[in-house]
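As a plain string of letters, each chain reads:
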2 protein chains.
Amino acid sequence: MSNATISDVAKKVGVSESTVSRYLSGFKVRNSESIKKAIKDLNYRPNIMARNLKSGKTGMVAVIVPDISNPFFASIVRGAEVAAGDDYMLQLISTNDDPDKEEAAIRRLNGRVDGLIYVPAKEDSQAITEFEDYAFPVVFVDRVISNLRRFDSVLADNQTGASLATKHLIEHGHAAIAHIAGPSASTPGKGRAEGYLAALKKSKIERNNDYLVESDFTVLGGYQAMMGLLALKKRPSAVFVGNNLMTIGALKALKESKVNVPDEMAVIGFDDHELSDLVNPPLTVISRDAHLQGALAMSTLLERIRDGYQFPPKQLKVDSNLVIRQSCGSTCLYRKTDSDKKILSSSTSS
Amino acid sequence: MSNATISDVAKKVGVSESTVSRYLSGFKVRNSESIKKAIKDLNYRPNIMARNLKSGKTGMVAVIVPDISNPFFASIVRGAEVAAGDDYMLQLISTNDDPDKEEAAIRRLNGRVDGLIYVPAKEDSQAITEFEDYAFPVVFVDRVISNLRRFDSVLADNQTGASLATKHLIEHGHAAIAHIAGPSASTPGKGRAEGYLAALKKSKIERNNDYLVESDFTVLGGYQAMMGLLALKKRPSAVFVGNNLMTIGALKALKESKVNVPDEMAVIGFDDHELSDLVNPPLTVISRDAHLQGALAMSTLLERIRDGYQFPPKQLKVDSNLVIRQSCGSTCLYRKTDSDKKILSSSTSS
DNA sequence: AAGTTATCTGCAATCGTTTTTAGCAATTTG
DNA sequence: CAAATTGCTAAAAACGATTGCAGATAACTT
């Protein structure tokens, strides 16, 4: 039952192990036919571990995400998987945004993978130091660790996207605009808050610190943040929510508080979803191509694995688009386009 | 730069490699202090591949799912990951429901993993034959391959869940009840259709073949199936949709056709979602704990890896629950319960 | 046919561990 | 005090592949 080894094949054919090995590597070999047959007869499969030990390669790439059940990260992973094709297999790790888990995971990864696609929790994560030790290339996706500039990254254009969202609310006549932000220690949390503030400034709307609440990218966090905003003496009339999960939480809070969207509170989210269209009211969001982000990250990583760091690190960005539906009070224009929604492109990748 | 080996450590301390190895395995050793120091100084990390080659174990478990971007499968994976803890790492493979890809993946997995958690596309998949060759335990989740009874499985109670859904519609006065089913070649597609038919039979409602349409578990498939139902001379007044994605598609079709839910068409889905509550109207669904399913699968698998097949294969089932919201015309009772929704338990796991 | 070159082959070393074996010293036992 | 037991240790043999080297065929030259 236990698998045959290369030596079994060699013995059966009457050649040396090296000849079989060379046959397997595609070299021209005299008894290729009988080797082929013996391999089939013995159901021989090369032992990957032995091969890896010799070659020093593993044929594996790790992907560290906060939580695979977040559809956004699932899309990234899927994109990465597709881009990896048959060359590399994926190892998946969810960290729950816990830097300690990230550190432990990276430590365990040593010797198991040839590269890492990494969505870190915090820009100043302690795991930084660990990276010095480990000898595989890393590509950051969606978030970066600021001190690790030597690695590549594939981000969304958070600033532009957030400005676009805020501007959209302003154009609908809102001035009391809140922002439920992600952790300021995270790249998108920080970037989107910056974009929000920049848009306010540009329209000469004074910043109200009560309206900028920092949360944690979770449903519950979004719910609580929204409840907080509703409890304010001077309620905002519109809110830009910093990610998909917090948007769900915010909407739950609004529904529970019987606050009408968009009349009493306009809402715009970050990151689209298959169901955004069917929510009541259909949700206007900033969207970007997570699948593409994952695919870009993987191809960048594979390049590094192949060619090393002879070229300077890349900083890729994918577009953020505004998908107008009805949660900001926009009329139902989107029916007129063939894609069932109106998309305004914002920025180009670079 | 390249990692130090156990021999470097041994040399530095002045002992043999085996002594260092024994120290690492927790045996009592005379120079343990200096070995500890040398390991730290040299930043020695054991080479996993060498270790795996020697032990024949990989410390890895593969998870094969149709598509990780389907939140349901993402939950399964997450549950499996949590249950694996620090003992095993996960290798992820999406197959797009393509049996050929499944087969190729399983073939590649040989020697890379100690076990497999597997959501196959079809019950009669050709990949069956492959399994004979490979020497790791397998646990099926959500779907099985019928000829492989020797492996464990963790399924949902599809029949009961589907009956519950259908009965719910019947109790709301519907008799013209359609079912958009998944592929009949798949376990849940078949099981849920059976449950649907059983419930009709029990209520002495005649089966209408136009009302049982087989689709493919995708958004587009659900959309097209619903469009087909709407085009019928005698439209059904209610529909039970066989999975989450097809439900989204069906709702899109209804929205696009301006058919009111639940007045003109009652809808009940299979599998809950964080957003189901916020959809218009809030979606009544059959729900089961996907996270638990994944966790059970993993713990079953780890048991097999540890103890082998001395015990007969297990067939676990998780409960299906009815979550009543408003898409079937139920009044808004759910507010009265503390969990924000009314849950009727259906069956117990066995 | 003999010399030269091009192909292919087996041997042995190597990758970095773990584990078995046997040996040595120190300690306990009769 | 000799004998038996204990507690570590080093040396060597795996684990299953790949690869440099040198020798053996085979295939061309002239």
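If you're wondering where the values come from, they're calculated on a predicted model, not measured in any experiment. (Residues numbered from 1 in each chain as written. Chains lettered and ligands numbered in written order. Predicted model: local features only at pLDDT ≥ 70, side-chain atom pairs only at ≥ 80, totals over all residues. Heavy atoms only, no water.)

> How do you make sense of the domain arrangement of chain A when you look at a structure like this?
All names here are of chain A. You can read the domains of chain A as domain 1 (6-46), domain 2 (60-156 + 290-318) and domain 3 (158-287 + 321-345). Summarising the inter-unit geometry, the C-alpha centres of domain 2 and domain 3 are found 28 Å apart. If you look at the interface, domain 2 gives 11 residues, while domain 3 gives 12 residues. The largest per-residue losses of area from domain 2 upon contact with domain 3 belong to E123, R143 and A156, which jointly make up 43% of the total buried on that side. (Domains from an automatic or database assignment. Contact = heavy atoms within 4.5 Å. Buried area = accessible area lost by both parts, 1.4 Å probe.)

> What's the story with the sheet that holds strand β11 (residues 315-318) of chain A in this structure? I'm lost.
Strand pairing in a sheet relies on backbone hydrogen bonds, with the paired strands running either antiparallel or parallel. A sheet is described by the order of its strands in space; here 12 strands give the open sequence β11(A)-β5(A)-β4(A)-β3(A)-β1(A)-β2(A)-β2(B)-β1(B)-β3(B)-β4(B)-β5(B)-β11(B), paired in mixed fashion. Among the strands making up the open sheet, the edge pair consists of β11 of chain A together with β11 (315-318) of chain B. The sheet shows a mean angle of 20 degrees between the axes of neighbouring strands, taken without regard to direction. Examined bridge by bridge, strand β1 (residues 60-65) of chain A and strand β2 (residues 89-94) of chain A share six bridges and lie parallel to one another. Paired with V65 of chain A across the two strands is S94 of chain A, which belongs to β2 of chain A. (Pairing = 2+ DSSP bridges. Helix = DSSP H or I, 4+ residues; strand = E, 2+ residues; numbered from the N terminus. Axes fitted to C-alpha atoms, helices over the stretch in contact; angles between N-to-C directions.)

> Just checking my understanding: could you explain the interface of chain B and chain A for this structure?
Interface size is often expressed as the accessible area that is lost when the parts come together. Taken residue by residue, the interface counts 52 residues in chain B and 51 residues in chain A. With both sides pooled, the region where chain B packs onto chain A buries about 5,200 Å², and carbon together with sulfur makes up 56% of that total. Of all residues in chain B, the largest losses of buried area upon contact with chain A belong to M49, M89 and L278 of chain B, amounting jointly to 14% of the total for that side. Scanning the region where chain B abuts chain A turns up eight salt bridges. For E274 of chain B, the salt bridge goes to K252 of chain A, with nearest N and O atoms at 3.8 Å. For the interface between chain B and chain A, the tally reads 18 residue pairs in polar contact (both at pLDDT 80 or more). (Salt bridge = Lys/Arg side-chain N within 4 Å of Asp/Glu carboxyl O. Polar contact = N/O pair within 3.5 Å; in protein donor to acceptor, adjacent residues only side chain to side chain.)

> I would appreciate a short explanation of the packing of helix α5 (residues 71-84) of chain A against helix α12 (residues 290-307) of chain A in the present structure.
Packed helix pairs are characterised by how far apart their axes lie and by the angle those axes make with each other. All names here are of chain A. Following both chains from N to C, one finds α5 and α12 inclined at 45 degrees, their axes separated by 6 Å at the closest point. Considering their axes alone, α5 and α12 lie oblique with respect to each other. Like other packed secondary-structure pairs, α5 and α12 cross with a definite hand, here right-handed. On α12, the residues touching F72, S75, I76, R78, G79, A80, V82, A83 and A84 of α5 are A290, H291, Q293, G294, A295, M298 and L302. Taken together, the residues of the contact of α5 with α12 sort by class into 10 nonpolar, five polar and one charged. (Parallel < 35°, antiparallel > 145°, perpendicular 65-115°, else oblique. Left-handed = near helix turned anticlockwise from the far one by under 90°. Nonpolar A, V, L, I, M, F, W, Y, C, P; charged D, E, K, R; others polar.)

> Please explain helix α12 (residues 290-307) of chain B as it appears in this structure.
Between its first and last C-alpha atoms α12 of chain B spans 26 Å; for 18 residues at 1.5 Å apiece the expected length is 26 Å, and the two agree. Measuring from the backbone nitrogen of H291 of chain B back to the side-chain oxygen at the start of α12 of chain B gives 3.2 Å, which picks out D289 of chain B as the cap. (Expected span 1.5 Å × (residues − 1).)

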